[in-house]
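# Survey of secondary and tertiary structure
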Amino acid sequence: MALVYIHRVGEYSFASAPTDYSVLRGLRSSGYHSAGSADAPRTVMAAAASESLLDIKAEEIQLLRKLEALRKSKAELLASRRLRIGIVGFGTFGRFLTKTFVKHHDVFVTSRSDYSEQVGQLGAKYVPLHEAAQLFEEGLDVCVLAV
């Protein structure tokens, strides 16, 4: 359910998009914008402006819904994609990062000392420091310095 607040000039704001546009259509058809004959030309112009404003607001709501759907699709796609993460340093923090990231991503580790066995046991790939250029040839999405 949407929160729709109607001002006397026909504007509205919302906290969430309305589930149907009957609220907007109802404003147009209800004669809400009609006024007395004293300032009829001015009222007709105001009513036309308010009606076009309602059309713009309705289109804005549709675009916001579409944007929300696109953001949700993007988040789902990114969540399903495994990142390729490089970690430089395999100390306490580097080990923690490797254990954490390897659950959902492809991890490549380099360090001064040879930790190939420990890195392999965690499910990551070890690259010796003297071949650090190879680490960056792996097409990394992220590189973390844990030194």
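Computed from a predicted structure; not experimentally measured.

Before going further, it helps to spend a moment on the confidence of the model for the protein chain. When pLDDT is averaged along the protein chain, the result is 78; 67% of the residues meet or exceed 70. For the stretch residues 1-18, pLDDT sits under 50, and the model shows 37 contacts to residues farther than four places along the chain or on other chains. Counting contacts from residues 30-36, a segment whose pLDDT is below 50, to residues more than four positions away or on other chains yields 13 contacts.

Extensive coverage of strand 4 (residues 106-110) is indicated by the burial of four of its five residues. Direction of pairing for strand 3 (residues 84-88) relative to strand 4: parallel, over a ladder of five bridges. Within strand 4, the position partnered with valine 88 by the bridge is threonine 110. Of the strand pairs in this sheet, strand 4 and strand 5 (residues 125-126) are connected by two bridges, and their pairing is parallel. Bridge pairing in strand 5 places valine 109 opposite tyrosine 126. The handedness of the strand 4 to strand 5 crossover, carried by helix 4 (residues 116-122), is right-handed.

For the rest of this paragraph, the subject is the sheet that holds strand 4. Two strands in a sheet stick together by hydrogen bonds in their backbones, pointing the same way (parallel) or opposite ways (antiparallel). Spatially, the four strands line up as an open sheet ordered 5-4-3-6, and their pairing is parallel. In this open sheet, the two strands that pair with only one neighbour each are strand 5 and strand 6 (142-145). Against the sheet, helix 3 (residues 92-101) contacts strand 3, strand 4 and strand 6, and its axis sits at roughly 165° relative to strand 3.

In this section: the packing of aromatic side chains. Counting across every chain of the model gives two aromatic pairs. Here phenylalanine 90 and tyrosine 115 contribute two aromatic rings whose centre-to-centre distance is 5.2 Å and whose plane-to-plane angle is 50°, an arrangement assigned as tilted. Of this pair, phenylalanine 90 sits in the loop between strand 3 and helix 3 while tyrosine 115 sits in the loop between strand 4 and helix 4, and the two are 25 residues apart along the sequence. Ring centres of phenylalanine 93 and phenylalanine 96 lie 6.3 Å apart, and the angle between their planes is 25°; on these two criteria the pair is classed as stacked.

Now for the environment of histidine 130. Considering the arrangement of structural elements, one finds histidine 130 in the loop between strand 5 and helix 5 (132-136). On the accessibility criterion, histidine 130 (70% relative accessible area) is exposed. Considered as a pair, histidine 130 and threonine 110 are 20 residues apart in the sequence and their alpha carbons are 9.1 Å apart. A distance of 3.5 Å separates polar atoms of two side chains, one belonging to histidine 130 and the other to glutamate 131.

Residue position: threonine 110 is located in strand 4. Threonine 110 sits in the buried class, given a relative accessible area of 1%. Looking at threonine 110, its side chain comes within polar contact range of the main-chain oxygen of valine 127, at 2.7 Å. Threonine 110 has contacts with Ile87, Val88, Gly89, Phe90, Tyr126, Val127, Pro128, Leu129 and Leu135, leaving out every residue within four places of it along the chain.

Position of leucine 145 relative to the elements: it lies in strand 6. The exposed category is assigned to leucine 145, whose relative accessible area is 64%. In the structure, leucine 145 is positioned 58 residues away from isoleucine 87 in sequence and 6.0 Å away in space, judged by C-alpha atoms.

Reading guide: rules and limits
Residues numbered from 1 in each chain as written. Predicted model: local features only at pLDDT ≥ 70, side-chain atom pairs only at ≥ 80, totals over all residues. Heavy atoms only, no water. pLDDT = per-residue confidence, 0-100. Contact = heavy atoms within 4.5 Å. Buried < 20%, exposed > 50% of the residue type's maximum accessible area, 1.4 Å probe, protein only. Helix = DSSP H or I, 4+ residues; strand = E, 2+ residues; numbered from the N terminus. Pairing = 2+ DSSP bridges. Right-handed = clockwise from strand over helix to strand, strands pointing away. Axes fitted to C-alpha atoms, helices over the stretch in contact; angles between N-to-C directions. Phe/Tyr/Trp six-rings, centres within 6.5 Å; stacked < 30°, edge-to-face > 60°. Polar contact = N/O pair within 3.5 Å; in protein donor to acceptor, adjacent residues only side chain to side chain.

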